[in-house]
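# Observations on chain architecture
Each chain is listed here by its residues.
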Amino acid sequence: GILIYLKNGLQYSDRTDLKIWSESTWVELVVGCQVLVIGCLYRPPSSDPSSFADSLEESIDKIPTNYQIILVGDFNASSPSWCPTDHYNPSGRILEPIFQTLGLTQHLTSPTHLRPDGVPNALLDLFLTNKSCSVVDVCTHPPIGNSDHLAVEGIVSLDTMKNIQKHQDCRKIWCYGKADRPNLIRDLQNADWTPVTTATHIDAAWDFWKEKFLSITERHIPSKKLKQLKPKLPWVTTKEEREIKLKHYLFRTFKRTGLAPDREAF
């Protein structure tokens, strides 16, 4: 069986629309201004890996590209690219290139399946993420109960509201007057926009368009970052605000000149 436990108080929703593969469950978490989708899947050894790959691809295509994705579970697939002591099995040969096509990275590198004598002999339980997800560490622990699989722990870094505030202290300003307009228009005209018109979900189409458009404009339009002004204190009147600015101006003047009259004025 498969299940996902979540800590009380987390904001989440069940993503039943992603359950294309019968033995899977999906949830969507909101952390700060980020969205994290977690999928737990089991692929029986006797199941068709190609059918599993098609189902997984259909699920991933429904997730916007700016979402963070974590996939875990027993995939019953092995590859020397994931664990150096492993050999390819038929499922591994099929699933490995599919993961690469979907932009998924497999982070675990040690065996998780145990032989009858308790010795780990194959990596079958995978920990996959997309490029948006920042993985800090992935490791294994002793099996739970009488399971013949090691427990897998993964730690990912998510932006909390405190970290988000740091990013919001500065805002980006585009210098349109210095734009290289001819090359900007040329690159926009020559860009491949097919994924926008062929996307099956409006969010996916928007995410691709935005990423492509910004990547082109950043090449041809200079920009700079300005610090956000702190919100005005409610007890500071307009008159007091002018006096504070004047004080700062006089101080900067005296600091620059070092003259006694400027010090007196300050």
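In case you missed it, the structure is sitting above this.
Right, let's walk through the structure included here. (Residues numbered from 1 in each chain as written. Predicted model: local features only at pLDDT ≥ 70, side-chain atom pairs only at ≥ 80, totals over all residues. Heavy atoms only, no water.)

### Section: the pattern of salt bridges
Selection rule: When a carboxyl oxygen of Asp or Glu is within 4 Å of a side-chain nitrogen of Lys or Arg, the pair counts as a salt bridge. Secondary structure follows DSSP: runs of H or I at least 4 residues long count as helices, runs of E at least 2 residues long count as strands, and numbering of each begins at the N terminus. Note on classification: 1.4 Å probe, protein chains only; a residue is buried when its accessible area is under 20% of the maximum for its type, exposed when over 50%, partly exposed between these limits.
In this structure the tally under the stated criterion is seven salt bridges. Glu-28 is the salt-bridge partner of Arg-15, the closest N and O atoms lying 2.5 Å from each other. Of the two residues, Arg-15 is situated in the loop between β1 (12–14) and β2 (24–31) and Glu-28 in strand β2; the sequence distance between them amounts to 13 residues. Grouping residues by exposure puts Arg-15 and Glu-28 together as buried. Across the pair Glu-241 and Lys-245 runs a salt bridge, and its minimum N-O distance is 3.8 Å. You can see Glu-241 and its partner Lys-245 sitting in helix α7 (residues 238–257), four residues apart, about one turn around the helix. What you see here is one network of salt bridges that share partners, running through Arg-15, Asp-17 and Glu-28.

### Focus on the packing of helix α1 (residues 49–61) against helix α2 (residues 90–101)
A pair of packed helices is characterised by two quantities: the angle between their axes and the separation of those axes. For the record, the criterion: For helices, the axis comes from a line fit to the C-alpha atoms of the stretch in contact; other axes are also lines fit to C-alpha atoms, and the angle between any two N-to-C directions lies between 0 and 180 degrees. Oblique is the label for every angle not falling under 35 degrees (roughly parallel), over 145 degrees (roughly antiparallel), or within 65 to 115 degrees (roughly perpendicular). By the definition used in this description, the sense in which the near helix is turned from the far one sets the handedness, with an anticlockwise turn below a right angle giving left-handed and a clockwise turn giving right-handed. Residue contacts are counted whenever heavy atoms from the two residues lie within 4.5 Å of one another. The residue classification treats Ala, Val, Leu, Ile, Met, Phe, Trp, Tyr, Cys and Pro as nonpolar and Asp, Glu, Lys and Arg as charged. All others, Gly included, are polar.
In the contact formed by α1 and α2, the axes pass within 9 Å of each other and the chain directions differ by 20 degrees. Classified by the angle between their axes, α1 and α2 sit roughly parallel to one another. The two elements α1 and α2 meet at a crossing, and its hand is right-handed. On the side of α1, the interface is formed by Pro-49, Ser-50, Phe-52, Ala-53 and Leu-56, while α2 contributes Ser-91, Ile-94, Leu-95, Ile-98 and Phe-99. Here the contact of α1 with α2 is built from residues that sort into eight nonpolar, two polar and no charged.

### Section: the pairing of strand β4 (residues 68–74)
Quick note on the threshold: Two strands form a pair only when DSSP identifies at least two bridges running between them. When the strands point away from the viewer and the connection leading from the first strand across the helix to the second strand turns clockwise, the crossover is called right-handed.
The buried fraction of β4 amounts to six of the seven residues, a majority that puts the element mostly inside the structure. The sheet contact formed by strand β3 (residues 34–42) and β4 spans seven bridges and is parallel. Note on β4: the bridge partner recorded for Ile-38 is Ile-70. For the segment spanning β3, α1 and β4, crossover handedness is right-handed.

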